[in-house]
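Now for the letters of each chain:
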Amino acid sequence: MSLTAAAFGVAAWVTIKNRNKIFRRHAESIPAEPPRWMPYRWIYPRTRRLHWVRIVPQWVRRAVLLTAVALVVGWNMSPVLTVLAAVMVGGPAGYVGHRTRDRRKHFRDLVVPLWMTVADLLDVPKGESIRDWLRVPYALDAENAKVTLRVPRDFRGSDMQRAEITALMERRIPGEWEAEWDWGRFCVTLKHPPAPPKYVAFADVLAEALKSPEARPLVGLGTRGEAVRGDFDQEAPHWALSMGTGAGKSTFLRFVIAQLARHTGTDGGVEQIDICDPKRISQNAFRGVPGVFIHKTAEAWVRQVQEFRAEMERRYEELDENEKAVFPRRVLVIEEMNSFTRLVQEWWNSIREKSDPRTPPIMNDLAFILNQGRQARMHVVSVFQQMNARAAGGSEARDQYGMKVLARFSPAAWNMLVGTYPRPKSSRHPGRAIVMVGDDQRTIQMVYMTPEEAREFALNGRELLESAPASPRTSLNKPGTSLPGSTPGFVPGQSPDNTGRNGHTAFVAGSDGIDRPTLRAVPEPTPEPEPEPISGLKGGADFLGMELEAFKKARQRDSIPGEFRRGNSPSWTPEALKEWHLNRPRAGARTIKEGAAS
């Protein structure tokens, strides 16, 4: 009984001490920010300058008071029954609180910041209820979702003001929206536009594709069947596709490459398209198409990226001499960038020396191209299954892709590449994608184009070459280490070409129009045979002159880079084992036995 009296005494003291806040006196000094635990539906209709206790509905306050009294009385009478009743009541209450957590986050992270900005543009008096002016549904991805903003009756609504408010709301609210101003109700309503077509065949967009300039290829049809195009010159000099397996990466690329290849060989059009294809078969439709070169090995990719950068440097040298110089466009397409990065790293690990950096120089070349390629009309189109920083060559390089196309993306991919909240649901509809250019978001249906249609459209009446030519490439003394301008035999204005098919090496004249003396090509060195890998734990221990148990423990403490499996046994290259042995952390490092690792 004494415990009950003490509880009532404490409750009365707290009530009297906070009576001004609880009973809404001196409102100007009362904080209006509700606590984070408060349910969304309590905050949404009552966000005037009230103390958070006043925001709580009256029935909830009475229920809490009665529950507190019941707990105190019940604990004195029967603690066991009191605990049981608390569990029965607290369980559903906790479940409801958990279910409303996302709605509270929606209100706190989206509705409130949007209202603070829009209210300033509309000159709405402070302290007004958000519910009276702005309605933002929680299920924004629903087809019938509507966002409604009421405007003051003295709002003039000039074209500039309406455009600013509409653009702000479309930018802040995820998804694609269309605004409709209603001056009879003094409000603006945002609705979702109709969905794009369910299927788009190449024949459906043939007329639009024929009108596409090489700088603005068609990428699909939008929500009202309108043509949606990329823009290499103004909006996005480099493109990135982040699509899950089976989302249509190769089909999208096939359609874009076909439009670019149609312009190869034309004045001021496209000079060359280089495709790095780790899958080796994705873009075989363009084999033999003039101006299109397909590279299928890591060494060929490294050579081509370095030659691409060398050409970019040459163009900037010419621009330095003639600011009005105009160059034909060149495009580097990298299929399956995630696999591309891994395979290039494996290739680099197999040939690099101890003094060489761990990161392949090709990634540095690619970063330079992304940073500086636009003015030289050198463009990169990369395809990712997930566009993470490791696959893109770092977060800085990832940000250089001005246009991003997402399909069948994971929540992590959206957060990395876009970051707006709430994120839209990834559509499972075949060919449906989201195109992001800055803050502009558009939903498209990609065009399905067969390999035969792509080849015929790209040829544009030209003859298919009998055998696919090898691309012009820079001769390397050591694969992966040459830089633009440092390659033996390289002269600005000329691009060395090694066909690799008939053993002949020749130089192809550049497009700068300057007569230069014929130079003798530098033949490539004969590659040394690859060393036999070391297989098995015992083989690795014997190679390094270590005891078997010591080798096992050291391998558990510090994994060996570049480890692969040969059958059922772990295997390593001799260089990888030697480097790991020399660099692994240990006390009293032992030296490799003389002749053991030679």
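Before going into details, it helps to say that this report is about the structure given with it. Note that the structure is predicted; figures quoted are calculated from it, not measured.

Here we take up the sheet that holds strand β21 (residues 569-572). Reading across from one edge, β19-β21-β20 is the order of the three strands in this open sheet, with antiparallel pairing throughout. Only two strands of the sheet have a single partner each, and these edge strands are β19 (534-535) and β20 (564-566). Relative to β21, β20 runs antiparallel, the two being bridged by three bridges. Within β21, the residue paired with Arg-566 across the bridge is Ser-569.

Take the environment of Glu-170 next. As for its position among the elements, Glu-170 is in helix α9 (residues 159-172). A residue is classified by how much of its surface remains accessible, and Glu-170, at 30% relative accessible area, is partly exposed. It is 9.2 Å that separates the C-alpha atoms of Glu-170 and Gln-441, two residues lying 271 residues apart in sequence. When residues no more than four places from it in sequence are discounted, the contact partners of Glu-170 are Gly-175, Trp-177, Glu-178, Ala-179 and Leu-190.

At a closest axis distance of 8 Å, the pairing of helix α11 (residues 249-261) and helix α18 (residues 451-459) adopts a crossing angle of 15 degrees. In this view, α11 runs roughly parallel relative to α18, as classed from their interaxial angle. As for how α11 packs across α18, the hand of that crossing is right-handed. Contacts from Arg-254, Ala-258, Gln-259 and Ala-261 of α11 reach α18 at Pro-451, Ala-454, Phe-457 and Ala-458. Class assignment of the residues belonging to the contact of α11 with α18 gives a composition of six nonpolar, one polar and one charged.

What you tend to see is this: most non-glycine residues have negative phi, and most peptide bonds are trans. With a phi close to 60 degrees, Asp-123 is a non-glycine residue in the positive phi region. Here Asp-123 shows up in the loop between α7 (101-122) and α8 (130-133). Overall, Asp-123 belongs to the exposed group, its relative accessible area being 63%. Phi is positive for Phe-186, which is not a glycine, with a value near 50 degrees. Looking at where Phe-186 falls in the secondary structure, it is placed in the loop between β3 (178-182) and β4 (187-191).

For the pair helix α13 (residues 337-351) and helix α14 (residues 361-372), the least separation of the axes is 9 Å and the interaxial angle reads 135 degrees. When the axis of α13 is compared with that of α14, the two are oblique. Between α13 and α14, the residues in contact are Met-337, Phe-340, Thr-341, Val-344 and Trp-348 and Pro-361, Ile-362, Met-363 and Leu-366, respectively. Classifying every residue of the contact of α13 with α14 by side-chain character gives eight nonpolar, one polar and no charged.

On to the environment of Asn-388, then. With respect to the helices and strands, the residue Asn-388 is situated in the loop between β12 (378-384) and α15 (389-392). Separated by 50 residues in sequence, Asn-388 and Asn-338 have C-alpha atoms that sit 8.7 Å apart. Filtering out sequence-adjacent residues up to four positions away, Asn-388 remains in contact with Asn-338, Arg-398 and Met-416.

Counted by the stated rule, this structure contains 13 aromatic pairs. Judged by centre distance (5.2 Å) and plane angle (35 degrees), the ring pair of Trp-301 and Phe-340 falls under tilted. Of this pair, Trp-301 sits in helix α12 (residues 298-321) while Phe-340 sits in helix α13, and the two are 39 residues apart along the sequence. The residues Trp-301 and Phe-340 share a single accessibility class, namely buried. Ring centres of Phe-551 and Trp-572 lie 5.8 Å apart, and the angle between their planes is 85 degrees; on these two criteria the pair is classed as edge-to-face. In this pair, Phe-551 is assigned in helix α20 (residues 548-557) and Trp-572 in strand β21, connecting sequence segments 21 residues apart. Residue class for Phe-551 comes out buried when judged on its relative accessible area of 0%.

About the thresholds
Residues numbered from 1 in each chain as written. Predicted model: local features only at pLDDT ≥ 70, side-chain atom pairs only at ≥ 80, totals over all residues. Heavy atoms only, no water. Pairing = 2+ DSSP bridges. Helix = DSSP H or I, 4+ residues; strand = E, 2+ residues; numbered from the N terminus. Buried < 20%, exposed > 50% of the residue type's maximum accessible area, 1.4 Å probe, protein only. Contact = heavy atoms within 4.5 Å. Axes fitted to C-alpha atoms, helices over the stretch in contact; angles between N-to-C directions. Parallel < 35°, antiparallel > 145°, perpendicular 65-115°, else oblique. Left-handed = near helix turned anticlockwise from the far one by under 90°. Nonpolar A, V, L, I, M, F, W, Y, C, P; charged D, E, K, R; others polar. Phe/Tyr/Trp six-rings, centres within 6.5 Å; stacked < 30°, edge-to-face > 60°.

By themselves, these figures tell us nothing about what the structure is for.
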